[in-house]
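# Residue-level structure breakdown
In case you want the letters, here they are:
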Amino acid sequence: MWRFLMGITLFILLISGCRSNNIDEDVNDEQNDNKSIIEVVSKHGHIQNLDALNTFVENVKNQLKSEINYVRYGIEGQRGVMTLTFNSENINVFHEVDGNFIEEYKCKDVIVETNDDVKKYILIQCSGDFEGDFELLEVSTKQFN
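Residues numbered from 1 in each chain as written. Predicted model: local features only at pLDDT ≥ 70, side-chain atom pairs only at ≥ 80, totals over all residues. Heavy atoms only, no water.

Through backbone hydrogen bonds, the strands of a sheet pair up, either in parallel or in antiparallel fashion. Read from one edge to the other, the open sheet built from 8 strands follows the order 2-1-3-4-5-6-7-8, with strand pairing classed as mixed. On the outer flanks of this sheet lie strand 2 (46-48) and strand 8 (132-140), each paired with one strand and no other. Neighbour to neighbour, the strand axes of the sheet diverge by 25° on average, direction disregarded. The sheet contact formed by strand 6 (residues 100-115) and strand 7 (residues 118-128) spans 10 bridges and is antiparallel. The partner of Val110 across the bridge, within strand 7, is Leu123. Helix-sheet contacts for helix 2 (residues 50-61) involve strand 1 (39-43), strand 2, strand 3 (66-73), strand 4 (79-86), strand 5 (91-97), strand 6, strand 7 and strand 8, and the interaxial angle to strand 3 is about 140°. (Pairing = 2+ DSSP bridges. Helix = DSSP H or I, 4+ residues; strand = E, 2+ residues; numbered from the N terminus. Axes fitted to C-alpha atoms, helices over the stretch in contact; angles between N-to-C directions. Contact = heavy atoms within 4.5 Å.)

Spelled out as structure tokens, the structure:
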């Protein structure tokens, strides 16, 4: 009887151990996928990795597939992520805040306008959950001179 109970206990431990390893692998795979996308971060006026956004714009201009995350933090610390994916035809935008889906749309192009001391990144001719032109980011050019 004792051997039977030990056998069942070992079997249960073996099964549960294998199952938790698979879950850990799935979580790690998902985290690695998210880390592989380059991020541009805007946190209350401070921009990190703006060069990556410029590279994305150049890739769109040159018809090269590209993907980038534009991360913007709200006043209360909300983390908004816009994943921009260019597929050689459109820029697909997937927007979420704190992991919750907000909207999804596609745009024909991204342009950069420079007026006086301001540089604007604008997604144009968007359709889907958002219609029209969308100003993605505005930065002062004074900080780069």
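So much for the structure itself; the text now carries on.
Before going further, it helps to examine the pattern of salt bridges. Under the criterion given, the structure shown has 2 salt bridges. A salt bridge links Arg79 to Glu39, with the nearest nitrogen and oxygen atoms 3.1 Å apart. With Arg79 in strand 4 and Glu39 in strand 1, this pair connects stretches of sequence that are 40 residues apart. Residues Glu135 and Lys120 are paired through a salt bridge, measuring 3.9 Å at the closest nitrogen-oxygen approach. With a gap of 15 residues between them, Glu135 in strand 8 and Lys120 in strand 7 connect regions that are remote in the sequence. (Salt bridge = Lys/Arg side-chain N within 4 Å of Asp/Glu carboxyl O.)

With 74% of its residues at a pLDDT of at least 70, the protein chain reaches an overall mean of 83. Overall, residues 18-34 carries pLDDT values under 50, and its contacts beyond four positions in sequence, including any with other chains, amount to 0 contacts. (pLDDT = per-residue confidence, 0-100.)

Positive phi is not limited to glycine here, since His44 has a value of about 55°. Along the polypeptide, His44 turns up in the loop between strand 1 and strand 2. Although it is not a glycine, Ser88 sits at a positive phi angle of roughly 75°. Note that Ser88 resides in the loop between strand 4 and strand 5. Ser88 sits in the partly exposed class, given a relative accessible area of 29%. (Buried < 20%, exposed > 50% of the residue type's maximum accessible area, 1.4 Å probe, protein only.)

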